[in-house]
Structure formats: C-alpha cells, structure tokens
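The residues making up each chain are set out below.
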Amino acid sequence: MKSIPHFKRLMVFFTLFLLIVSTLWANLFITVSTDAGLNVPEDVYSLQLMAADYNPDGERVLQQHGGMHRLSLGSWIAGTNRTYPAAFAIVNPSDRPVSIQSLSLSGAPEGIQIYLHRHMDKPSNSDIVNIAQVEEPGDTELFYDEGPVSVTPWELQPGDGYSNDDLVYKNGGESATATKDNGVWAYDFDDPLVADEGANFVWVEVSIVPSIEVDSATYRAPIEIEVDAEFDDGSTVTFMGAGRHDGGPTIRTVEGNSIRLSVSDLKPGTTVVVPDAFALVNAGSSDFRVTRIEVEGDTDYMRVYLHGDPRAPAGDYGLEVDQDTGLLYYDGSSHDRSSDGWVIGSGFGYDNDANLLYGKEADTSTATRTAGHHDALYNLWMYDEYANNVAEDGTSNFVWVEVAYIIPEEVGEVNVNSTITFHLSSV
C-alpha cells in the first residue's frame, strides 16, 4: 500500500440503497420490467461528521438537507463576531490512522476562521470571546483564516467503526456512540468530550469575524478536508455479478461504484428467484456485519436473503430444488439482525493487475471486469465461474444477495417503487 492524499468534502454522507422502479401492466398477462439502482459508498469507513453546537434558532449548526450536510450559523449584526467551538466533529471510524492536512473553502470568503482543537467547550480564539476558559496553544490549530493556513497536520487515531448502527467515537480512555438525529450523527451528551492524543475525533470550531463593511449574504460552497492515510487501491465495498437474465448479467454498471439490477417478463402466479443476483464483496481490512435490509415503498412481491451458495436458493418457495441455508432479511417486513446478521470477513484488496480478490484465507479467487458483452453497461466485476464460489458466514469476504419476486395470481395493475437500504456495522 502507499500513502496517498484523499479529499473529503463537507457534503459527506453514508448511504447504501437500492432503488427499484417496476411497472406491471394487466392485460392477457403481466409483464414486469424492473430497474434497480444499487449504490455503495467508496469507503464504508470514510470520515464522518458529528453535530454538537446549536445555533440561535435552537437547531444544530450541522444539518442535513436534500442528502447533503450544511452549516447553519445564524444571523447577527454586522461588525459583531460569533464562534461555535463545537460546530461539528470529524470522526475517523476506520481501523487505521488518518492525518488531516488542510481545510479550504471554495472562493475564500471573508471573515471566516476554522480551528481544529481538543476541548468542545473551550473556544480557540480568545480575541472574540469574553470567558476565562479558552484553549491552550498546544490544544488548538488554526487551519483556515480567509484562506488555508500552513499547519502541522492533525492526527486522528484508528476508530472502532460502528456499534448497532451507531458511530463510535473515543479518546484515550473513554468511548461513546453518536446516533442519527435528522440524518446527522449527533454526539452523546456525556463523555468523551476531550479529543486528546488518543482520540479518533477532533472538534471543529467555526468563527465568524466579519468587518463592518461585509454585506449580508449566504455563502454556499463546500468545505474541502484534505487527509492523508493508508488506503487500499479500489473501492472498499463493491459488487460482483454472476446471475444472468435475457442473455446478459442480472446487474449492470451505471457509474462510479453503482450497479443496476434488471429482471423482466414476470407473469401472474409465478415466482422468480435469482439466488446469485449479485455478491457484496469487502475489499477492506475490517470485518462488518449486515444488520438489516430495509425495504420501503411498494414491497408486496419482494424477498431478500443473504446466503452462501450461488447455485441454490435460500428461500423456501416450494420449488423442487436443493435449498441453501441463508438468512432472511426481508419478506414484507425487515428483520433485525444486529446480533446474528451475516458477517463479511476482511478482504484481500486487489491484485497486481487491479483485479478484485474474493474468497477466504488460502482460497482466494479473482473477479475480472468482463461479462461476455462489449457494452460498457456490462463492464463490471464478474465472478470466476470455475472457482469455489460458496461464501461462508464470518470467514469469506463476500456474500450472495438473493432477490425473489412472488407474483400472485390475482394481481392487477400495480406500480412498484421501492427503496432498499443495507445497514452495516463493524464487528
């Protein structure tokens, strides 16, 4: 591995969803055309933002709107100052240290200062506050002052990932979890509040020090956070295809680390099962558990399992075929698997030719970007059909996702519009 700079923007959000849009037309028979988009973030353990301070409107300074984070700092009289010592925190959930190199704001707006510091209740800039308790010089660093400042990088220690879907943050002696509040991680009001040298988080102070001449305005642009860390090449969590439908793979690439699932020609009174619709593959160095698969929308016909054998269905559909042992995650309602969900083992990264490695220790195989078609839509990771493709819970770094559609005889005209969310936690 090599040390390479990565840029993380303020508009960072952790989302893993599957969007299904289906249309069923009732006539002499029913045809189902399903297009499903599934997107996985580039790094499950990428930097997270955690809210703390409130603005004068009684809302968190760090908020989420339209799937993006924003800072709502409030308004005040021109020529006066305001500071938020804990506007938010930067948290490192990964199992490796991360060094924050710099912060920058596009357009370099006037009158904004940003500090990284250790104590959430101690402001860094003593010039704009009238209290005794301020940060000592060694506990704070000015990263931005109407432009990036040359600084000593701030080190975030390795984290512990997630616990029961909550974000774990800790210092040298204490640990706590942040829960989601209106789509944003919100800190636990108890300890740890001090981002000491052993912490996997740091408090971000945002100070507004405008001159009397500054006009009233709303600033809209990203905060860029440049970090340096040891990351594996390629995506940490990705997809691998196997099953085929209508001559092509069931999944197709869209863009980035996104795929599309396509199933068609379903008729009333039929059951269509795709045991090897796709595999979820972990290329990173940490195990994680799939705790829940949440399906929202029109979901009457959906069944979702995680299982090991791509050649045998995990669900009992009354079919005269060998059945695999798997875990049911959705059958009209979501099943909580926080304690017994499928554990995907740590991965093996990518080989020297940048091909995805999957399997288990001492028995790995290589997925290549080929699917028998020259169309770019099929330029995706495909399994090695001659390899040992059976996944083992807790051992293998991949798991098969089985998707089934059960269409009743009496079904009429139906529109299906569903969202599936995979919930992950560290082990």
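So, how was this worked out
- Residues numbered from 1 in each chain as written.
- Predicted model: local features only at pLDDT ≥ 70, side-chain atom pairs only at ≥ 80, totals over all residues.
- Heavy atoms only, no water.
- Pairing = 2+ DSSP bridges.
- Helix = DSSP H or I, 4+ residues; strand = E, 2+ residues; numbered from the N terminus.
- Buried < 20%, exposed > 50% of the residue type's maximum accessible area, 1.4 Å probe, protein only.
- Contact = heavy atoms within 4.5 Å.
- Polar contact = N/O pair within 3.5 Å; in protein donor to acceptor, adjacent residues only side chain to side chain.
- Salt bridge = Lys/Arg side-chain N within 4 Å of Asp/Glu carboxyl O.
- Core = buried A, V, L, I, M, F, W, Y, C linked by side-chain atoms within 4.5 Å.

(A) Up close: the sheet that holds strand S9 (residues 112-117). In space, the nine strands of this open sheet follow the order S10-S9-S16-S7-S4-S15-S14-S13-S12, with mixed pairing throughout. Every other strand in the sheet has two partners, leaving strand S10 (140-145) and strand S12 (162-163) as the edge strands with one partner each. Sheet topology note: the strand S13 (residues 166-170)/strand S14 (residues 175-181) ladder contains four bridges and is antiparallel. Residue pairing in the sheet places Val168 in a bridge with Thr177 of S14.

(B) Examining the environment of Ala391 more closely. Counting through the fold element by element, Ala391 comes out in the loop between strand S30 (381-382) and strand S31 (398-406). For Ala391, a relative accessible area of 6% puts it in the buried group. In the structure, Ala391 is positioned 47 residues away from Ile344 in sequence and 9.1 Å away in space, judged by C-alpha atoms. Residue contacts for Ala391: discarding those within four places in its chain leaves Gly308, Trp342, Ser396, Phe398 and Val399.

(C) Geometry of the side chain of Ser124. Relative to the helices and strands, Ser124 is located in the loop between S9 and S10. Of note is the side chain of Ser124, whose polar atom sits 2.7 Å from the side chain of Thr140.

(D) Representation of the pattern of salt bridges within the structure. All told, the structure shown has six salt bridges when counted by the stated rule. Residues Arg60 and Asp181 are paired through a salt bridge, measuring 4.0 Å at the closest nitrogen-oxygen approach. Residue Arg60 is found in the loop between strand S4 (48-51) and strand S5 (62-65), and its partner Asp181 is found in strand S14; the two are separated by 121 residues along the sequence. For Arg60, a relative accessible area of 11% puts it in the buried group. For the salt bridge of Lys170 with Asp160, the shortest nitrogen-to-oxygen distance reads 3.3 Å. Of this pair, Lys170 sits in strand S13 while Asp160 sits in the loop between strand S11 (154-156) and S12, and the two are 10 residues apart along the sequence. Accessibility expressed as a relative area gives 18% for Lys170, which makes it buried. Judged by its relative accessible area of 42%, Asp160 is partly exposed.

(E) Just unusual backbone geometry, in detail. For Glu146, which is not a glycine, the phi torsion comes out positive at approximately 55 degrees. Position of Glu146 among the secondary structure elements: in the loop between S10 and S11. By relative accessible area, which is 41% here, Glu146 ends up partly exposed. With phi around 70 degrees, Ala362 is a residue other than glycine that occupies positive phi space. As for its placement among the helices and strands, Ala362 is situated in the loop between strand S28 (356-360) and strand S29 (363-369). A relative accessible area of 83% places Ala362 in the exposed class.

(F) Highlighting the nonpolar core. Counting residues in each nonpolar core, the largest one holds 41 residues, and the members touching the most others are Met240, Val290, Leu306, Trp342 and Phe398. Met240 has contacts with Ile251, Phe278, Ala279, Val281, Tyr358, Ala367, Trp381, Met382, Tyr383, Phe398 and Trp400, leaving out every residue within four places of it along the chain. Judged by nonpolar contacts, the second largest core, of 30 residues, contains Val61, Ile112, Tyr144 and Val227.

(G) Quick peek at the sheet that holds S30. Pairing is antiparallel in the open sheet, where three strands are placed in the order S28-S29-S30. Because the sheet does not close on itself, it has two edges, and the strands there are S28 and S30. Direction of pairing for S29 relative to S30: antiparallel, over a ladder of two bridges. Paired with Arg369 across the strands is Trp381, a residue of S30.

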